[in-house]
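Listed below, chain by chain, are the residues.
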Protein chains: 2
Amino acid sequence: MPTKTAAQARQQAKDQYDAYLATCPSRLLLDRISNKWVTLIITALRGGPLRYSQLRTTIAGVSEKMLTQTLRSLERDGLISRTVTPSVPVRVDYALTPLGVSILEPITIMKEWAEQHMPAVTAARQAHDVREAS
Amino acid sequence: MPTKTAAQARQQAKDQYDAYLATCPSRLLLDRISNKWVTLIITALRGGPLRYSQLRTTIAGVSEKMLTQTLRSLERDGLISRTVTPSVPVRVDYALTPLGVSILEPITIMKEWAEQHMPAVTAARQAHDVREAS
DNA sequence: CAGCATCCTCAAAGATACTG
DNA sequence: CAGTATCTTTGAGGATGCTG
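Residues numbered from 1 in each chain as written. Chains lettered and ligands numbered in written order. Predicted model: local features only at pLDDT ≥ 70, side-chain atom pairs only at ≥ 80, totals over all residues. Heavy atoms only, no water.

A. View of the pairing of strand 3 (residues 91-96) of chain B. Residue and element names in this part refer to chain B. With 5 of 6 residues buried, strand 3 lies mostly within the body of the structure. The sheet contact formed by strand 1 (residues 50-51) and strand 3 spans 2 bridges and is antiparallel. Paired with Leu50 across the strands is Tyr94, a residue of strand 3. In the sheet, strand 2 (residues 80-85) pairs with strand 3 via 6 bridges, with the strands oriented antiparallel. (Buried < 20%, exposed > 50% of the residue type's maximum accessible area, 1.4 Å probe, protein only. Helix = DSSP H or I, 4+ residues; strand = E, 2+ residues; numbered from the N terminus. Pairing = 2+ DSSP bridges.)

In structure tokens form, the structure reads like this:
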């Protein structure tokens, strides 16, 4: 009788790997920016602070729920700041923090890679699909 | 009577924006690499070709379904190649294509940003949560 | 060895309506 | 203006068993 079954061993290996991934900085970053709205909000704020309603119209596809939710999480992570001006009606401005500005760089690099190489990816995809259909 | 209701106008704006996002190269790239397994597979192949079973054990947390699914999509996009050696039993090797190698660069840049700044993000998060709890 | 087929779950995103 | 609250949907991903 083995001390543990194959299934148990596999589960343990998985748990360890999951724990490793949970602390991996790169994974944490990916979890952050892989979100559809995160990069849109950050690049929207590139030119300077925007109000809630401006963000909503700039990023036309976003629901209020997702916008608020994403803004809150970005604020929590120190990437954007939220400034309330208690006038009537109230005014709320969102802006990039220095940390938020610094993340523009990797995002820009990714954008450049995308613009250079995505056509090749799309072409490969189409070629592959054509071959598949034959 | 307006030619279109506010809801219709909003829907139209959203559709247009969705269409724009659907062709945006940066979004396409993000959709590609935001996947949990994609970056893990690509970085696993950094050192040279690996067999299916090697990938499965290297990336301990992956199920066969997700591994196969991700490999297929990466092959389709021309980022990795799949080489079958018809021995008994069969042997299948996966390797990065030149396109696949080129994507290592933005991934590495992201990784570097992550290693430099994720501690600050984590700290901001904790500070924020402490403030919240008070 | 290297998969494919099937069923299932659960969390994230969307739609809708209301409020300080 | 700048949100909150609630319900519903959808699909990525996991578990399991089978095959050339």
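On we go.
B. Structural detail: the packing of helix 7 (residues 104-133) of chain A against helix 7 (residues 104-133) of chain B. With their axes 9 Å apart at the nearest point, helix 7 of chain A and helix 7 of chain B run at an angle of 175 degrees to one another. As judged from the angle between their axes, helix 7 of chain A and helix 7 of chain B are roughly antiparallel. Contacts from Pro106, Ile109, Met110 and Trp113 of chain A of helix 7 of chain A reach helix 7 of chain B at Pro106, Ile109, Met110 and Trp113 of chain B. By residue class, the composition of the contact of helix 7 of chain A with helix 7 of chain B is 8 nonpolar, no polar and no charged. (Axes fitted to C-alpha atoms, helices over the stretch in contact; angles between N-to-C directions. Parallel < 35°, antiparallel > 145°, perpendicular 65-115°, else oblique. Contact = heavy atoms within 4.5 Å. Nonpolar A, V, L, I, M, F, W, Y, C, P; charged D, E, K, R; others polar.)

C. Looking closely at the sheet that holds strand 2 of chain B. With respect to topology, 3 strands assemble into an open sheet ordered 1-3-2 (chain B), the strand pairing being antiparallel. Looking along the sheet, the strands with just one partner apiece sit at the ends: strand 1 and strand 2 of chain B.

D. Looking closely at the protein's contact with DNA strand C. Neighbouring DNA strand C are 18 residues, the closest being Lys65 of chain A together with Ser53, Thr68, Arg82 and Tyr94 of chain B. Here the atoms of DNA strand C within 4 Å of the protein split so that 61% fall in sugar or phosphate, with bases taking the remainder. Taking Glu64 of chain B, its side chain carries an N or O atom lying 3.3 Å from a base nitrogen of DNA strand C. A distance of 2.6 Å is found between a phosphate oxygen of DNA strand C and a side-chain nitrogen or oxygen belonging to Tyr94 of chain B. Among the elements that make up the surface near DNA strand C, the one with the highest residue count is helix 5 (residues 64-76) of chain B (4 residues). In terms of residue class, the surface near DNA strand C is made up of 7 nonpolar, 3 polar and 8 charged. (Near = heavy atom within 4 Å. Polar contact = N/O pair within 3.5 Å; in protein donor to acceptor, adjacent residues only side chain to side chain.)

E. Structural detail: the protein's contact with DNA strand D. Ser53, Thr68, Arg82 and Tyr94 of chain A together with Lys65 of chain B are the nearest of the 18 residues found near DNA strand D. Within the contact set of DNA strand D, a phosphate oxygen lies 3.2 Å away from a side-chain nitrogen or oxygen of Arg51 of chain A. For DNA strand D, a phosphate oxygen lies 2.7 Å from a polar atom in the side chain of Tyr94 of chain A. Secondary-structure elements contributing two or more residues to the surface near DNA strand D are helix 4 (52-58), helix 5 (64-76) and strand 3 (91-96) of chain A together with helix 5 of chain B. Among the elements that line the surface near DNA strand D, the one with the most residues is helix 5 of chain A, at 4 residues. Its residues placed into classes, the surface near DNA strand D shows 7 nonpolar, 3 polar and 8 charged.

F. Inspection of the sheet that holds strand 3 of chain A at higher detail. Residue and element names in this part refer to chain A. Read across the open sheet, the 3 strands follow the order 1-3-2; overall the sheet is antiparallel. The sheet terminates laterally at strand 1 (50-51) and strand 2 (80-85), the two strands that pair on one side only. Seen against the sheet, helix 5 touches strand 2 and strand 3 and runs at an angle of roughly 110 degrees to strand 2.

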